[in-house]
Amino acid sequence: MPKSFIQISDSHIDDEKLVMGVDSQANLASVVEHISKQSYDALVVSGDLSHNGTMSSYIQIKEILKPLNNNASILPGNHDNKSNLSKIFSNSLLCNFQLNDWEIITIDSVQNEKVSGRLSNQQLQTLTDEIKLSSAKYIVLCLHHPVVPMQSSWNDDLSLENPEDFFDTISQFPKVRAVIWGHTHQSSEFNRDSIKLFSCPSTAVQFCGPSSIGYNHYTLHDNGEINCKTRWL
Ligand SMILES: [Zn+2]
């Protein structure tokens, strides 16, 4: 049986119920309820868990996520307060994990006080080392920011600032099969050479696309293929 994992993103939980015109707490709870009925092996939360980074918002998120007792790997987004996030999710922050022949490697693309992301030379070196040292046959990379133009009304200036440095780093490793991200509140799929690229919808509200909320469910096949199905509620 192929393994699978679920990605949720951009829940934007705040101390106020209404965020960007929606009840982001209720929406995340609905997504969690949907996921709790699925069969999957791991969970990735790709940033902007909180809208304003308050400690109380992270306590709230932890409570809402409780029904999902799978191992979760949590990534920061530009809306998150890394210090508060790491206090509440200390055991799962930026964890890499392996499922059969696949490893999911997480990357922190957030810059201080900026909406757009960037990867430093040191981070790219660390990523190179992680890929080299991985015993997995296939690798998925996960970060908060998009690494290609979104071909939508999304402002690409708010994406990763140095995608070419990123692709220069990973293109030497054919075992990197996919890159996944959040931030853009939309579901989309692209290809770059043999690498599949997926963006995950928001559990709160989409910037462009359907008025529904959703998440991505990835299936990892033994032959190195990865499939993604966006589930809409
Ligand atoms: Zn974001």
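Not measured: the values here are computed from a predicted model. (Residues numbered from 1 in each chain as written. Predicted model: local features only at pLDDT ≥ 70, side-chain atom pairs only at ≥ 80, totals over all residues.)

(A) Representation of the overall build of the protein chain in the model. Tallying secondary structure elements over the protein chain gives five helices and 13 strands in all. Its C-alpha radius of gyration of 16 Å places the protein chain within 12% of the 17 Å reference for a compact globule of 233 residues. Principal-axis analysis of the C-alpha atoms gives the protein chain an extent of 45 × 40 × 35 Å. Relative to all contacts within the protein chain whose residues are 6 or more apart in sequence, the contacts with residues 24 or more apart total 70%. (Helix = DSSP H or I, 4+ residues; strand = E, 2+ residues; numbered from the N terminus. Rg over C-alpha atoms; globule rule 2.2 N^0.38 Å. Contact = placed C-beta atoms within 7 Å.)

(B) Quick peek at the sheet that holds strand 7 (residues 102-106). Pairing within the open sheet is mixed, and its six strands lie in the order 6-7-8-9-11-10. Both edges of this open sheet fall to strand 6 (97-99) and strand 10 (188-192), since each of them pairs with a single strand only. On average, each strand axis in the sheet is tilted by 20° relative to the strand beside it, whichever way the strands run. Pairing analysis gives three bridges linking strand 6 to strand 7, with the strands arranged antiparallel. If you follow F97 over to strand 7, its bridge partner there is I104. (Pairing = 2+ DSSP bridges. Axes fitted to C-alpha atoms, helices over the stretch in contact; angles between N-to-C directions.)

(C) Seen up close, the pairing of strand 10. Pairing analysis gives five bridges linking strand 10 to strand 11 (residues 195-199), with the strands arranged antiparallel. Pairing of F190 across the sheet is with L197, part of strand 11.

(D) Region of the structure containing helix 1 (residues 24-35). Across its twelve residues, helix 1 extends 16 Å between first and last C-alpha, which sits within 8% of the 16 Å expected from 1.5 Å per residue. Those residues of helix 1 that fall on the buried side of the exposure criterion are S24, Q25, N27, L28, V31 and I35. When helix 1 is viewed along its axis, its buried side chains cluster within an angular range of 165° and face the same direction. Looking at the buried side of helix 1, the elements it contacts are strand 1 (3-8), strand 2 (18-19), strand 3 (22-23), helix 2 (55-65) and strand 12 (214-220). (Expected span 1.5 Å × (residues − 1). Buried ≥ 20, exposed ≤ 12 C-beta atoms within 10 Å, placed from the backbone. Arc of directions from axis to C-beta.)

Limitation: the analysis is restricted to geometry and does not speak to function.
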